[in-house]
Every structure is written in structure tokens, then in C-alpha cells.
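Okay, here's what each chain looks like letter by letter:
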Amino acid sequence: MIKRWFGSLVNRAVALVVLVILLAAVVVTIAGSLLSRGELEQQAKNQVETMARLVSGELDDKLALRLETLSHVAESFTMDEAALDVRARILIRQQTALQHLFDGLYLIDATGRVLAEYPEAFEQTGLDVSDREYFQNVSQHMTPVISDPYVSNYQDKPAVMIAAPVFDHRQKYLGMIGGAILLKGSNFMEEFAGLRIGKTGYLEIGTRSGVTLAHGRTDEVMVPVRVENPVLKDAMGGFEGTRQTRNGNGDTTIMSVQQMAQVPWYVAAVWPAREAFAPITRMADAFVWTLLGVLAVIAPLALWVFRRLMAPLRALGRQINERHLGVRNNPVDVSGGREIRQVAQIFNTVMDEREEVLGSLAEREAFFRSLTQSAPIGIVQTDVLGRIDFVNPAFESIIGRPASELQHTHLISGIYEPDRDAVLAGWKQALRNKEIFRGRFRIPSRGARDLVWGDVMTAVIETPDKALGSITVVRDISRELEVEETLREEQQRAENILGVLQEGVLMVDVQGRIRYANQAACRFLGTDGNCVRRNFFDLVMIEADDKALAHTDFLTGEDVDSLYGTLRNQKGEIFDIDLTMLHIRKGKQNERMVFVIRDDSERRREEERLSWEASHDSLTQLLNRRAFSASLVKYLAEVPQQSVRSVLMLIDLDHFKPVNDEGGHLLGDDLLKRLADLFKDAVRQSDIVARLGGDEFGIILPACGLERAEALAERIRARVQDLRIEQDGRTFGVTASIGLTELTPGDSGPREVVSRADEGSYIAKSRGRNAVVVVPAPSDDPGPALP
């Protein structure tokens, strides 16, 4: 029988080889075709994507060059309005560089009237373009712009305008200079529209607002973008990438979209799939014919070689059959391939092991008996009826009874009677589920304790045909339970102590799940009731030093001691906290983190109060001299970067002493507070107002300019003069002597600037008080010194 089985196996193996060869040929053919097509598709997509990226980059560079050149020219037109009007034509004719970059140049005044143009053949001079979108954008934002496409006044040709604002020496807006690019002109737009990908591929340039700027296939300009094409519709929304789609003729194409950086335009490179994938068919035909030729030669040769290799397998089958019938006692031995020799060796090994197994069964039973005798835990073996056949010495010691007394008694009778029903129910449930029974129950004992708590496991001993009995393992856990009870009492005591603390105390695992939290911690987390088992980092956000601290910051970092920060919980409540964090068993599987959260609001409010008092005048609530000096040092450092200079104003009150002497100090204090409110209302929110001492005030006007500062000082002087306070039928008031000076790069420090402004207030007093005097910086003063 075994011999016939081996012959059948050889025939099936030959048939399997033939089938494998055919399947391999089919798989190779299909895989080769798919790989070739996939590679060619990727090459085509890469080529289209590269073209789109190059064109968009080149177009960005050309627009950036024109915008930068035009802005540079606009900055050079720093003259008054009258000079610009007179010299407009000359200025336009001189811009040779711009004439090569644009199809048309225009100089336009602030009202939208065209002052000059180049070339003059366009006949746009004197035309009002105030309704044009590019003019309105430049006038409103005062920045260079690149306009959307529009229909120009010159022969209704579509164009794009690049414009930059023109200012005089005082930054007054005079108008704009603009350069027009005709979309149908001989500029770079027509150059890009004429580019080709392969023979029939083309480029399409459009705006995100839906206007076509150039179309290499239809040569259309200023027509709506075809929104029925999903790729172009997505491109108008900001999409970049490469997809297959259909063009206006319904042909499948590869389209790659690249967004531009300078303007809200996009470049779409389009290549018909018919042209891109044309080589695939030729390649697949050649591959199939080559493969068929190779199969015609290799398949017969492989079958002949395989039959020669399988011949030793028949001899192996004959020897195994003889060994099975008992005719052969020697091990099987056969020549042939490495795999066949390995099969023979494995068969011989199996037969030897079978004989060894039969001889060791008795030894195993003896070994089991010996093992259970020396085991430190109790072991009980029962028959199928639950009667005890064997107990080891450890079990005898647990219950205080000898093995001779226990044999042939039912194991269930040795369980404490109040626990017996529950144990029996659990045992039956384990049998139904074919599981090992596990339980803890009490066992009567004649030892030191009347009752012993046992941790018990019982498993059925069975073969595939029948059950033989059960094996039970018993461990005395009485002492362990006593220790656990003590630990639970200690834990309860600790939890009671933590529960009354004002600090929030919680413990989390490495995933952030809360394993313990007292009531104060749950209040910080904003949870209603118990917050255990919830994720701590999902409930709160902790920030310190302007940085949000994430789960990994605490997990991978070191212990934290007194970290001052803020805590925001899920209810939106924000707490100023002092946080402590400790790692427990760091780096181990059961690692924990303990957080202690203290409310730090009161201490921070006290610090803020002390900080405020150190930098403010208590009477007027203004900055004091120290804070004012620090601000002045800060703005002196920013002078080199400012295009408009900052100004320092010192205000010295006139006739304030009579108010104090005749009206009393309370009246004087009231007047100072009203003057402080007057100064704060008169300046900008970014300006610095301070009381420098007594009746002297200082104001820093960042990036204000001397002309605006002088006008502000006059308004302040007039309002101080108008301020009057009545008391007991008398009217009291003061005037102000004000000194102004600019902050310049030549100033060595705040003392030099304050000295100049102080000199101005002294000069104002010497001129009769109630005046504003400007003291220029030494580097800015071309004339003689002030008298």
C-alpha cells in the first residue's frame, strides 16, 4: 500500500511541475505588462509634473523681476506733486529697463489720471483709470500689486498690470507707476503658451478666480476656465498635483497643476494619454513572443530532469513498506537528492523515538511521583469520581492529616462547609467551559490554624478517548491574606489623609490613565465626581514658560520640583499652579507618575502687585521714573531700524506750587491725577506716559515723527491750560512748559536725550511758560544754538 502511495505521489509531482511552469509563465507575462505600464505611466507623470514646475517657477521669476524693478523705480520718484506732473513724460522716457520688460508704461497721479505713457502710440495720456481695480488696490494698501487680468483701453486687448505706489519725501502718496503686459503680446506669456510636451501636449495658465491667461491648445485668452474639468476646478481652490482627466475634446490626458507664489495663478501641463502610453503595446507584444519561445525550450527539458530526480523516491517507498510489514529491521537507506535522503533520515529517527517513548512511560510515572514528593506546594490526584488517589507531603502539612487517612475520601468533603456550594458551582462551570478551575476557599486543618485559606487550581486529566481523573494544586495563602488586609488598611488610612488635603494628588500610568486621585485633584481637572480611569492629559492642558507640556514631556523627562505654570481643564477653568511630578519605577513596565498640584494664584497675585508698585507711581497710576528710563533705553535701541523717528516729550507744570500752598495737598493730588488722565487720553495706546517726579511728566512717542509730535504737544498744552478745579469759590489751574526732541542713532544713552528735552522745557519757561520748544539733536541742527 505504501509502495502504491509513493508511485502516485511521483505522478502527481510531475503534473504539478507542468502546472507550475504554465502558471509561472502567465504570472510573469501579466506582471511584466503591469510593471512596464506602471513604470511608463510614472515617467509620463514625472515629465508633465516637471514641465509644470519649471514653467511656474520661470513665470514666478519673471513676474518677481518686473515687480522688483518697478518698485525700485517707484522709490526713486521722491519729488513733490508739482514736479511729478511736470516731469512725468521725461521720467517715463528715461526708464529704458522698464520699456524692455513691459508692453506699456504709465505714470498715474493720485486721482487716477494718466500723466504720461510709453509708447505714446497707445494714446492713454489724460485718461481717468480711477475705476480700475489695480489703481484702487494700490491707493488703498499703498503697496505694489500684480493685478487680475483685465481688458485694456488700448484696442480692448487683455492685459495684466504690475503697479507700485509713488511717494514724496514726506511719504505722501502722489500716485503710481504701472507696467502693462499684454496677454497676446510678444512677451513671456505668449512664449509659455507656445511650449509643447511631446507632439500634442500643451500648457494652460489661469487664475484662481477662474480666468484663462494662456491656452496652448485653443490659444484662448480672457475666457472662463472650464470648471467641468475637475482638476482645473480643484486648481482654482489651491490644488497642486498630477491626475488623469479629460480635455475639452473628451480625450484622456495627464494633467499636472503647480500653484504660483507671486500671484494667485496656476500652471497646468497637459499631455494626452494616447501619446504618453503609445510604447506600451509594442513592448507588451515583444515580451509575450519572447516568453513563449523560452517556454517551448525550457518546459520539456525541466520535465525530463524532474523525472530523473524523483526516481530514488520509488525505492524509498519500497523500503518503508518493508519496515512497516516487519520484513526489514535495518534502517531505510536510499540514494538520491538531498531532500529524499533527508526524508529517509527523518523516518529512521521517528522509528527510533517511538521505541524510546514506549520504554520511558514507566520512567515518567516514577518521575512524577518523585517530583510531587519534593514540591513545596500541595498536590492532590483524584479519580473520575473525585476520590483521592495520591497526596504529597506538602498537602499533608497544610491540612495536618496523613495520606493514609485521606486516600479514597472525596476531595469535596475536605472543603469548609460554608464555602462548599460556591466551590462546587465553580468547578461545574469550569468543566462545562473546558477550563482550569481556579478559586480561593477555606480548608479545615489540624495544624496551627483551624482554617487555612487555600489558592487552588484543578485540571482534568484526560486522553482523547476518556477522562482519567483530576490533578489539584493547593497553596497556603493565609499569611498573604493577612498581609493584604494590613496593606488595605494602610492604603485606606493614606487615602483618608490625602482626601482632606487642599493640594491635588494623583497618580497616572504611562498612557496617562489616572490610577488614583483625591477630591482636590478632581476639582482641578473639572470633573463631576470621581476622575479615576480617565486620561489626565485629555482632561487638562498645562503650560509653563509659554510652552504647552505634553504627555511625552513628563514621561521622558526628569522629576519636576515646583514648576510654576497654568492649568486649563475641560470646563475652561484656568488655575495658576505650582506643580510637582515624581517618577515611580521609571523605565519599568509598571511605571507610574505622581502629580501634586497646588493653587498658586494668591502668591502670583502678590508678586504681580509688588511688580506693579515697583514700576508705577501710586498717585497717578502712571509709570515711574525707573520704568520710564527702561522704556527709553528700549526705544533708543530700535532707532536704527525705524524709518520714522521716535520723539521724547518732557512736561514741566507751571504755577503748581501755589495750588499746593493755597488749595492744599489734596487739591494738588487731585489735579495731578486729572492731568495724568488727560495725558493718557491725548496719546496713542502704544505711547509711554510717566510721572518723573513732583510736577514733571514724560511721554515717549514711538515712530511718531517730529511734526506730529509737535502738533500733539500743542494740543496737550492747550488742554492743560483749559483744565480748572474749583474749591471754596476759587478756581485753580496750571500751564505746561513742554520740551521736545527726537531719538537719533547718535544718542549715547537716555541721559543725553532727557537732557535735550529738559533744555526745551527750561527754554519754554524762560520765554514766559505755557509753550512748546523743540530741541533738535546735535547731528540734525544745521543752524546756531538756541538763545
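An account of the accompanying structure is given in this report.

**Quick word on the overall build of the chain**
And then number 1: The helix and strand inventory of the chain stands at 22 helices and 30 strands.
And then number 2: Excluding contacts between residues fewer than 6 apart, the proportion of contacts in the chain whose partners are at least 24 apart in sequence is 52%.
And then number 3: Summing over all exposed atoms, the chain offers an accessible surface of approximately 44,100 Å²; the carbon and sulfur share of this is 53%.

**Some details on the side chain of Thr-253**
And then number 1: Among the structural elements, Thr-253 can be located in strand S10 (residues 252-259).
And then number 2: By relative accessible area, Thr-253 is classed as buried at 0%.
And then number 3: Discounting chain neighbours no more than four positions away, the residues touching Thr-253 are Arg-243, Gln-244, Thr-245, Arg-246, Asn-247, Val-270, Trp-271, Pro-272 and Ala-273.

**With respect to the state of the cysteines**
And then number 1: By the definition in use, this model includes 1 disulfide.
And then number 2: Covalent S-S linkage joins Cys-522 and Cys-531, the inter-sulfur distance amounting to 2.3 Å. Classification of the bridge connecting Cys-522 and Cys-531 rests on its S-S torsion, roughly -75°, and on that basis the disulfide is left-handed. An identical accessibility class is assigned to Cys-522 and Cys-531; each is buried.

**A look at the sheet that holds strand S22 (residues 574-584)**
And then number 1: Ordered by their spatial adjacency, 7 strands build an open sheet running S18-S17-S23-S22-S21-S19-S20, and the pairing between neighbours is antiparallel. The open sheet is flanked by strand S18 (514-517) and strand S20 (547-549), the only strands paired with a single partner. Ignoring which end each strand starts from, the neighbouring axes of this sheet average 35° apart.
And then number 2: Each of strand S21 (560-569), S22 and strand S23 (592-599) is contacted by helix H17 (residues 601-615), which is oriented at about 95° to S21, the strand it contacts most.

**Description of the packing of helix H18 (residues 625-637) against helix H22 (residues 750-766)**
And then number 1: At a minimum axis separation of 10 Å, H18 and H22 run at an interaxial angle of 105°. Judged by the angle between their axes, H18 and H22 are roughly perpendicular. Here H18 contributes Leu-632, Val-633 and Leu-636 to the contact with H22, which in turn contributes Pro-750, Val-753 and Val-754.
And then number 2: Counted by class, the contact of H18 with H22 contains 6 nonpolar, no polar and no charged residues.

**Side note on the packing of helix H20 (residues 665-682) against helix H21 (residues 706-722)**
And then number 1: Closest axis-to-axis distance for the H20/H21 pair is 11 Å, and the angle between their directions is 150°. In this view, H20 runs roughly antiparallel relative to H21, as classed from their interaxial angle. When you trace H20 past H21, the crossing you get is right-handed. Contacts from Leu-675, Leu-678, Phe-679, Asp-681 and Ala-682 in H20 reach Leu-712, Ile-716, Arg-719 and Val-720 in H21.
And then number 2: Looking at the contact of H20 with H21 residue by residue, the classes come out as 7 nonpolar, no polar and 2 charged.

**Section: the pattern of salt bridges**
And then number 1: Inspection of every chain in the model, using the stated rule, returns 27 salt bridges.
And then number 2: Here Asp-383 makes a salt bridge to Arg-387, at a shortest N to O gap of 3.0 Å.
And then number 3: Of the residues examined, Arg-387 reaches a relative accessible area of 33% and is grouped as partly exposed.
And then number 4: Ionic contacts of the salt-bridge type, sharing partners, join the residues Asp-85, Asp-109 and Arg-113 into one network.

**Observations regarding the sheet that holds strand S30 (residues 772-774)**
And then number 1: A sheet is described by the order of its strands in space; here 5 strands give the open sequence S25-S26-S24-S29-S30, paired in mixed fashion. A single partner strand is all that each edge strand has here, and the edge strands are strand S25 (688-693) and S30. On average, each strand axis in the sheet is inclined to that of its neighbour by 20°, with strand direction left out of account.
And then number 2: Alignment of S25 against strand S26 (residues 696-701), held across 5 bridges, turns out to be antiparallel. The residue bridging Ile-688 from the neighbouring strand is Ile-700, located in S26.

**Re H22**
Think of an α-helix as turning once every 3.6 residues; residues three or four places apart then point the same way.
And then number 1: With 17 residues, H22 ought to run about 24 Å at 1.5 Å a step, and its terminal C-alpha atoms sit 24 Å apart, in line with that.
And then number 2: Listed as buried for H22 are Val-753, Arg-756, Ala-757, Asp-758, Gly-760, Ser-761, Ile-763 and Ala-764.
And then number 3: Against H18, strand S24 (647-654), S26, strand S29 (735-742) and S30 lie the buried residues of H22.

**Some details on the side chain of Asp-578**
And then number 1: When you line up the elements, Asp-578 lands in strand S22.
And then number 2: Buried and unpaired, Asp-578 has no salt bridge, with Arg-598 as the nearest side chain of opposite charge at 4.1 Å.
And then number 3: With residues up to four places along the chain from it excluded, the contact list for Asp-578 reads Ser-562, Leu-563, Tyr-564, Val-596, Ile-597, Arg-598 and Asp-600.

**Description of H21**
And then number 1: Taking 1.5 Å of rise per residue, 17 residues should cover 24 Å, and H21 covers 24 Å from first to last C-alpha, within 8% of that figure.
And then number 2: Listing the buried residues of H21 in full gives Ala-709, Leu-712, Ala-713, Ile-716, Arg-717 and Val-720. Projection of H21 onto a plane perpendicular to its axis shows the buried side chains occupying an angular sector of 145°, all on one side. More than 90 degrees from the buried face of H21, the exposed residues found are Glu-707, Arg-708 and Asp-722.
And then number 3: Against the buried residues of H21 lie S24, H20, S26, S29 and S30.

Definitions and cut-offs
- Residue positions within a chain follow its written sequence, with the count starting from 1.
- Given that the model is predicted, a residue must reach a pLDDT of at least 70 before its local features are reported, and side-chain atom pairs must reach 80 or more before they are shown or counted; all residues, however, enter totals for whole chains, interfaces and linings.
- In computing side-chain values, all of the structure's heavy atoms are included and hydrogens and water are not.
- Secondary structure elements are taken from DSSP: a helix is a run of H or I of four residues or more, a strand is a run of E of two residues or more, and numbering for both begins at the N terminus.
- Contacts are assigned to residue pairs that have any heavy atoms within 4.5 Å of one another.
- Note on areas: Shrake-Rupley, 1.4 Å probe, and residue coverage restricted to the protein chains presented here.
- Accessible area is worked out with a 1.4 Å probe on protein chains only. A residue is then buried under 20% of its type maximum, exposed over 50%, and partly exposed in between.
- Throughout, disulfides are identified as pairs of cysteine sulfur atoms within 2.5 Å of each other.
- Here, a strand pair is defined by DSSP locating no fewer than two bridges between the strands.
- Comment: axis = line fitted to C-alpha atoms, over the contacting stretch for helices; angle = value between 0 and 180 degrees taken between N-to-C directions.
- Working rule for angles: under 35 degrees goes down as roughly parallel, over 145 as roughly antiparallel, 65 to 115 as roughly perpendicular, anything else as oblique.
- Residues are sorted three ways: Asp, Glu, Lys and Arg are charged, Ala, Val, Leu, Ile, Met, Phe, Trp, Tyr, Cys and Pro are nonpolar, and all the rest, Gly among them, are polar.
- Whether a crossing is left-handed or right-handed is set by the direction in which the near helix is turned from the far one by less than a right angle, anticlockwise for left-handed and clockwise for right-handed.
- Any carboxyl oxygen of Asp or Glu within 4 Å of a side-chain nitrogen of Lys or Arg constitutes a salt bridge here.
- To estimate how far a helix should extend, the number of its residues minus one is multiplied by 1.5 Å.
- Positive residues here are Lys and Arg, negative ones are Asp and Glu, while His and the chain termini are left out of the count.
- Comment: arc refers to directions from the helix axis out to C-beta atoms.

Worth remembering: the numbers are spatial, not functional.
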